[in-house]
Amino acid sequence: MSFTDHLHAALKQKGIIVFRDNEKLEGEKFVCEELLKAIQESMYAITVISPNYASSKWCLNELSKIVQCMRDTGLTILPIFYHVDPSDVRNQTGTFAEVFARHEASLRKKKGKVDIKMIQKWRTALREVGNISGWHVHDRPESKVVEDISERILSGLGGNFSNVSKVLVGIESRVEEIMSLLSIGLDDVRFLGVYGMGGIGKTTLSKVIYERVSRQFEARCFIASIREETRTHGLIYLQKQLLSEILVESEINIWNDYGARRVIAKRLRNKKVFIVLDDVDGEEQLEALAESHDWFGQGSRIIITSRDRHLLNRFTHNTYEVKELNNPEALQLFSWKAFKKPYPEENYVELSKDVVYYAQGLPLALEVFGSFLFGRPIAAWKSARDLLKENPNAEILDKLKISFDGLEDLQKKLFLDIACFFNGAYIDSIMHKLESFGYYPNINIEVLVDKSLITISLGRLLMHDLLQKMGQKIVHCESTEEPGGCSRLWRYDDVLHVLKNNTGTDAVKGIVLKLPLQKHERLNVEAFSKMKKLKMLEISNVVNFLPRLSKARDTLEWHGDPLNFMLSNELCVMKWWGYPLESLPTSFQSDNLVELIMHYSFIKKPWDGRKSFNKLKHIDLSQSRNLIETPNFMGVPNLERLALVHCTSLSKVHPSIGFLRRLKELDLRDCKCLKRLPDEISLESLEVLYLSGCSRLDKFPNIVGHMTSLREVYLTGTAIKKLPLSFTSLSSLVYLNISDCSRLKKIPKNLSGMECLEVLMANGAAIRKLPSFIVSLKKLKVLNVGGKRGSEPIISLLLPNSFTCLSSLRELDLSYRHISDGAIPSDLSCLSSLSYLNLSGNKFTRMPDSVCRLPKLGILSLAYCSRLQLSSNLDNSLFTNSFSGLSSLRKLNLSYCNLLDGAIPNDLSCLSSLHSLNLSGNKFTRIPDSVGQLSHLYELFLDNCSWLQVLPKLPLGFKYLRVKNCPSLEMFYNQMEMWTSNEKLRSIDCSFVAAYIDYDGKPFKILHMHPRSPLWINSNSQSFFYSTIVACGPALVGYGIPEWFNHKSRNSFGRIQMHTDLGSVEWKGYAFFIVYQVHEPDSYPKKRRKLKVNENGNSNSTTKDGGNPNFPYFVCQFQANEVDIGKPLVLCVPGAPCVGPNGCWVYIPTEWFRRRARNSLGGWGNLEASITTGSLNVEVKVCGARVLLDQSDASELYQVLNSICPHGLDLESYENLLFHLDDFRLGLMVDGPIKANLML
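As the structure is a computational prediction, the values presented were derived from the model and not from experiment.

Colleague: Give me the overall build of the protein chain: which residues, what numbers.
Modeller: Looking only at helices and strands, the protein chain has 31 helices and 50 strands in total. The buried share among the 1240 residues of the protein chain stands at 55%. If you take every contact in the protein chain between residues at least 6 apart in sequence, the share linking residues at least 24 apart comes to 64%. Accessible surface, the protein chain as shown: approximately 51,900 Å² in total, 48% of it carbon and sulfur.

What follows is the structure, given as structure tokens:
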């Protein structure tokens, strides 16, 4: 083989497409069209110039064409000087001079058709090529030269993207992530799966990777569109393609799949290859092309793209999910297609954002929409935008439908139900529905996730908008002329058409009607008569009905009971808000009914006698204020949840309620007319019992049999005087709340056997003595027997002589119980786990000595212990002795303790861990500079210190100072100017966040916080807190939700759904409570980074404070009528919470929602909150919420917060809260001693 033969073979082996001029062509007089076309379309031209090169007129003509293309098209010439001197080529000397002498002689003799111009072109071409740096093959090994040339070409080709779109928005970060998974350079054989929904960019991303790195491998191959090629040509065709490209052989003789596999395994096992198998959708494809790692040589990398994650998991080491583009990336890609530049035209910005929002980051949709709208006027854009929302582009839907077509029948039905009814729904709330439909959701939901048709985020089923539109279009096409022929009805107009005109058919399986509040519709009472296979009926938002409002109006008019004509015996789910009649019709029967929800109904008694609903698991008649009596439940043996919340007329409960053996949750909260339950109950599966707010209930039923599943009992605010002896049989009880049980004067002795009890809430109860057996509750973690500030004087609480054995106790609240010196046991130090201690409002003259021996105590409150009165003439024993052992103390509240000058010593080193100090309401004139020694201190409260004259020096890293109503503060403006001078600011670091000053009723706010500039005090602006419309604060109450929050979530992601007609009343605000768990560092592997939601609503792992563990972050997303209300709200709660359960309260006034709803709250039928956290080692456990309707709610909220906040709400007046509820121009002032950082 010649040198040229070796070079040609080597280039082909590398996968480079090579055109070699045929030797037969040299007989042609001129360069033929075929060769000319090849030169023009090539990127490189390799010229091998040998000693006899110039003898060939054909070669010289070809070289002239190559040089011309170099000038015209940028063709790169790579010259090889094969045993010739480049200077001879450049100057036409040596053998080249002899050859050109013969050419010129021939011209003179006119023996050839060579003119002087042609010879001059040849000389010019040789001169230009001779000046190009190339390879001189003389004394170097030819194999080395061939290798160098191959690498040079591959290097140049590697940066070229001729096969990939030039607009590669957002590609780099994704390429980097995939490259880290490929780990190119290691000697193992690695398979990587790349998955995502159709049109997400899997193929484009794989092409970019292929072009960049495949040259590093011995051989490479990219097989595109495997799903389609398999159906068109078969697997053997693809196997031949793989072998042909890898082996660079045109003839591959294989005849069957078995033989092809053997050839692939044998011929490639020693080759380091890079292969991309694009758009795989079947296991047989992977088995045919890349069944085993043993088929390929060491260092090989195989990328497989698919829409099916489960398929990839079986064959690959790792998988990578291609996510949607974020908003900036999506806008840039769309702009390239619509405007041919990376940003939209000035008058098209908002329209572009609308289209980008609709595309939801899907590259395929962005490119199709952008190309379609390119060059069109604004009017056409607006029309197209509206059209796309109703009828998405067919090209997009057809590509998305490929995944749907590959589903099995049940999976298709499940997908369509999600698209029409359940997109955005929480899995736990719909799982029993899907099970009743026969969908086997546990497995089939996973299948839909694996095939990239849905995602699960924070417990919710989510489907891309375009996939949802695709599914809804499939249903619509079932009967385009008459919606009554469709299997699912969810569009308002379609549902009304069917129910008014009685055009339903057996095809209808599900109906969801969400009626706007101000609509009044007359419907056909026989509308359900033809829907004999109806499985789901949901009618909501149809009543204008709220607690405390006597006015109620049904917005649907039936002229009879439509359920009389419900002939479907397949009905599984019925949800009907505001059901208009007093009972269900006697003819109503469904053997398959699983869920019956009738909020705000007019039912007085659901049914008479015994009615059989053998599959019914969930009954919820909450807010049905006409309900007087419960039915006989003997025909409902499988009932798991019964909710009758706020059924304020309910007075009689059928005895059968006490013998529902599968009942897990019984919720009778706020049934204020209920006096008695059945005398006996035997609910062996019951887990949670809610009786809070049943203010007339004076007797707890006797427990018969074993109720060992019961874990939580809520009796707050009941009239119960004592608990029965059988109560002690609740051996698994973990949580007991007897707060505000004013007639319960002692903790029952029969609690002593409850070895699992962890939380005992008895605050506000009339308990006079804490029994000695309390120390036998070895698992007790939270004990709250605190009173209420401002309540009538009561006898001092008698404590046991010892707290021995309560080593698990973490929180102890003994506030406002008139405890005097010596009453607290001296062995308090045995509470080795205690992290929170509230002794506020007691009669101590000095803090009990035993407190300083609590090694883990992190929070201590002595607020309103007014007898702790020290003066400058006394020693500093309060601090030096009592706090000397509290090195872990982070928060200390000494507000309103009558502290005088000298009470705070000059040495505070004993409080080395202190983060927060509350000295409000005391009588000192100054605070010593020793406060500056507290290196971890970041917040200080000095409200209502009427004698305070001088502000203290603050330590490095200080963040928050609050000074309110301090009229004696001298040199206010000068003091602040001096304190915030450049020099001082540098000395206290640049981490100072905010200071709030209120003097003589005028709010002041620090607005400028640059580390090199003075802080700016603006006396004319609204204050930080007056203008902040969201407030939050810490509350340590174990892991229980205060009963005042009447809507609760038991989900780990914190979802609260309130079915409340908010569009019809002037509601005042929304309060919710979060219980979260702080885990030990590195003990909660699911949380590895903090979460921040930026202004685009996107999350990332960067936090504003750089990840300060003292600030737990909570991300709150609100929905009204299942539609997101603006961007998520991010709350940062200052403080270093204890390891274990912690609490946080949040208040949001109506104005906050109004602004995000563009000043319109009308039509809100419900409000839902999803609360999560991205903070390290923090986990949301449970949440509660309540809407504030009037002044009485404000009063109750104030009392609740005052009792549960570590510092209380005593720094703010009760009148301030009421004032806030009347005037939304000012922000909430009930913020306690904390602040809320809002990143909106």
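This is not the end of the story, as more comes after the structure.
Colleague: Please provide a residue-by-residue account of the pairing of strand 41 (residues 1069-1078), values included.
Modeller: Extensive coverage of strand 41 is indicated by the burial of 10 of its 10 residues. Sheet analysis places strand 41 next to strand 49 (residues 1178-1188), joined by 10 bridges and oriented antiparallel. Note that in strand 49 the partner of F1072 across the bridge is A1185.

Colleague: Give a detailed account of the pairing of strand 1 (residues 44-49), specifying residues and quantitative values.
Modeller: Of the strand pairs in this sheet, strand 1 and strand 2 (residues 76-82) are connected by six bridges, and their pairing is parallel. Within strand 2, the position partnered with Y44 by the bridge is T76. Remark: the strand 1/helix 3 (residues 57-73)/strand 2 crossover connection has right-handed handedness.

Colleague: Account for the sheet that holds strand 2, naming residues and giving values.
Modeller: In space, the three strands of this open sheet follow the order 1-2-3, with parallel pairing throughout. Every interior strand has two partners, whereas the edge strands, strand 1 and strand 3 (135-137), have only one. Looking at each pair of strands side by side, their axes are set apart by 20 degrees on average, direction ignored.

Colleague: So what about the confidence of the model for the protein chain? Which residues, and what values?
Modeller: Of the residues in the protein chain, 79% reach a pLDDT of 70 or more, and the chain-wide mean stands at 79. Strand 11 (residues 488-489) holds the highest mean pLDDT among the elements of the protein chain, 97, whereas strand 50 (residues 1237-1238) holds the lowest, 24. In the predicted structure, residues 971-1028 sits below a pLDDT of 50 and forms 122 contacts with residues beyond four places in sequence or in another chain. Note that residues 1207-1240 has pLDDT below 50 and, in this model, 127 contacts with residues that lie over four places away or in other chains.

Colleague: Hey, could you go over the pattern of salt bridges for me, with residue numbers and the actual values?
Modeller: Two side chains with opposite charge may pair up if their charged atoms get near one another. In total, this model carries 37 salt bridges according to the counting rule given. Between D188 and R190 there is a salt bridge; the shortest N-O distance is 2.8 Å. We classify D188 as partly exposed; its relative accessible area is 25%. Residue class for R190 comes out buried when judged on its relative accessible area of 15%. A salt bridge links D620 to R641, with the nearest nitrogen and oxygen atoms 3.7 Å apart. Linking D620 in strand 18 (residues 618-620) with R641 in strand 19 (residues 641-643), this pair joins segments that are 21 residues apart in sequence. Looking at R641, the relative accessible area reads 26%, which means it is partly exposed. Several salt bridges converge on common partners, so that one network encompasses K605, D608, E629 and K652.

Colleague: Explain unusual backbone geometry to me, using residue names and the numbers behind them.
Modeller: Phi is positive for Q92, which is not a glycine, with a value near 50 degrees. Residue position: Q92 is located in the loop between helix 4 (86-91) and helix 5 (95-109). By relative accessible area, Q92 is classed as buried at 6%. Located in the positive-phi region is D279, a residue other than glycine, with phi close to 60 degrees. Assignment of secondary structure puts D279 in strand 6 (residues 273-280).

Colleague: Can you explain helix 23 (residues 465-476)? Please cite residues and give values.
Modeller: With 12 residues, helix 23 ought to run about 16 Å at 1.5 Å a step, and its terminal C-alpha atoms sit 16 Å apart, in line with that. Among all positions in helix 23, only L466, L467, Q468, M470, G471, Q472, I474 and V475 are buried. Packed against the buried residues of helix 23 are helix 16 (349-359), helix 17 (363-373), helix 19 (394-405), helix 20 (409-422) and strand 11.

Colleague: Lay out a positive patch on the surface with the relevant residues and their values.
Modeller: A cluster of basic side chains, namely K699, K722, K746, K749 and K769, defines a positive patch on the protein surface. Following the sequence through the fold, K722 ends up in the loop between strand 24 (712-714) and strand 25 (735-737). Assessed through its relative accessible area of 64%, K722 is described here as exposed.

Colleague: Report on the sheet that holds strand 8 (residues 318-321), specifying residues and quantitative values.
Modeller: Hydrogen bonds along the backbone pair up the strands of a sheet, which may run parallel or antiparallel. Taken together, the five strands give an open sheet; going across it, the order is 5-6-7-4-8, and neighbouring strands pair in parallel fashion. Either end of the sheet is taken by a strand with one partner, and the two such strands are strand 5 (219-223) and strand 8. For this sheet, the mean inter-axis angle between neighbouring strands, taken without regard to orientation, is 15 degrees. Across six bridges, strand 4 (residues 190-195) lies against strand 7 (residues 301-306) in parallel orientation. Its bridge partner lying in strand 7, Y195 is registered against S306. Each of strand 5 and strand 6 touches helix 11 (residues 235-247); the most contacted strand, strand 5, lies at about 150 degrees to it.

Colleague: Provide a residue-level description of the packing of helix 15 (residues 327-339) against helix 16, including the pertinent values.
Modeller: Helix 16 packs onto helix 15 with a crossing angle of 115 degrees between their chain directions and a minimal axis gap of 10 Å. The two elements helix 15 and helix 16 meet at a crossing, and its hand is right-handed. Contacts between helix 15 and helix 16 involve N327, A330, L331, F334 and F339 from the first element and S352, V355 and V356 from the second. Split into classes, the residues belonging to the contact of helix 15 with helix 16 amount to six nonpolar, two polar and no charged.

Colleague: Describe the side chain of N842, with residues and values.
Modeller: One can find N842 in the loop between strand 29 (836-838) and strand 30 (859-861). At 3.0 Å, the side chain of N842 and the backbone oxygen of L814 are in polar contact. At 2.9 Å, the side chain of N842 and the backbone oxygen of L839 are in polar contact. Beyond its immediate stretch of four places on either side in the chain, N842 contacts L814, S815, Y816, R817, H818, I819, Y864 and C865.

Colleague: Which residues make up the packing of aromatic side chains, and what are the values?
Modeller: Under the counting rule described, the total for this entry stands at 29 aromatic pairs. Plain terms: the ring middles of Y864 and Y896 are 4.7 Å apart, the flat faces sit at 5 degrees to each other, and that makes the pair stacked. Remark: Y896 occurs in the loop between strand 31 (891-893) and strand 32 (916-918) and Y864 occurs in the loop between strand 30 and helix 25 (877-880); sequence separation between them is 32 residues. Every member of this aromatic cluster is reached through a ring pair, and the members are Y210, F217, F222 and F274. A cation over a ring is seen here: K272 above F217, with NZ or CZ 5.2 Å from the ring centre. Stacked on the ring of F372, the Lys or Arg R376 has its end atom at 4.5 Å from the ring centre.

Colleague: Explain the nonpolar core to me, using residue names and the numbers behind them.
Modeller: In this structure, M574 and L860 are the most contacted members of the largest nonpolar core, which totals 226 residues. Ranked by residue count, the leading element in this core is helix 20, at eight residues. L860 has contacts with L837, M847, V851, F883, L886, L889, K891, L892 and N893, leaving out every residue within four places of it along the chain.

Analysis parameters
- Along each chain, residues carry numbers from 1 onward, in the same order as the chain's sequence is written.
- A pLDDT threshold of at least 70 governs which residues receive local features in this predicted model, and a stricter bar of 80 or more applies before side-chain atom pairs are shown or counted, although totals over entire chains, interfaces and linings include all residues.
- Water and hydrogen atoms were dropped before computing side-chain values, which therefore reflect all heavy atoms in the structure.
- For helices the rule is a DSSP run of H or I covering at least 4 residues; for strands it is a run of E covering at least 2, with both sets numbered from the N terminus onward.
- Remark: exposure states derive from per-residue accessible area (1.4 Å probe, protein chains only) relative to the maximum for the residue type, with buried under 20%, exposed over 50%, and partly exposed in between.
- Residues are treated as being in contact if the distance between any of their heavy atoms lies within 4.5 Å.
- What sets the accessible areas is the Shrake-Rupley method with a 1.4 Å probe; for residues, cover comes only from the shown protein chains.
- We treat two strands as partners when DSSP finds at least two bridges between them.
- Look down the strands so they point away from you; if the path from the first strand over the helix to the second goes clockwise, the crossover is right-handed.
- For every element, the axis is a line fit to its C-alpha atoms; helices are fit only across the contacting stretch, and the angle between N-to-C directions ranges from 0 to 180 degrees.
- Each residue carries a pLDDT score, the predictor's own confidence in it, on a scale running from 0 to 100.
- By salt bridge we mean one thing: a side-chain nitrogen of Lys or Arg within 4 Å of a carboxyl oxygen of Asp or Glu.
- Helices are assigned an expected span. That span is 1.5 Å times one less than the residue count.
- A residue counts toward a patch only above 30% relative accessible area and without a salt bridge, and it is joined to like-charged neighbours within 9 Å or, for Val, Leu, Ile, Met, Phe, Trp and Tyr, to nonpolar neighbours within 5 Å.
- Asp and Glu are treated as the negative residues and Lys and Arg as the positive ones, with His and the ends of the chain left uncounted.
- A charge is said to be at NZ when it belongs to Lys, at CZ for Arg, at CG for Asp and at CD for Glu.
- Helix crossings are classified by the rotation of the near helix relative to the far one: an anticlockwise turn of less than a right angle makes the crossing left-handed, while a clockwise turn makes it right-handed.
- We call Asp, Glu, Lys and Arg charged. Ala, Val, Leu, Ile, Met, Phe, Trp, Tyr, Cys and Pro are nonpolar, and the rest, Gly among them, are polar.
- Nitrogen and oxygen atoms within 3.5 Å of one another constitute a polar contact, given that in protein one can donate a hydrogen and the other can accept it, and given that sequence-neighbouring residues count only through two side-chain atoms.
- Ring pairs are drawn from Phe, Tyr and Trp, using the six-membered ring of Trp, whenever the two centres fall within 6.5 Å, and their geometry is named by plane angle: stacked under 30 degrees, edge-to-face over 60, tilted for the rest.
- Whether a charge lies above a ring is judged from NZ of Lys or CZ of Arg, which has to be within 6 Å of the ring centre and within 35 degrees of the ring normal.
- What makes a nonpolar core is a set of buried Ala, Val, Leu, Ile, Met, Phe, Trp, Tyr and Cys residues whose side-chain atoms join them at distances within 4.5 Å.

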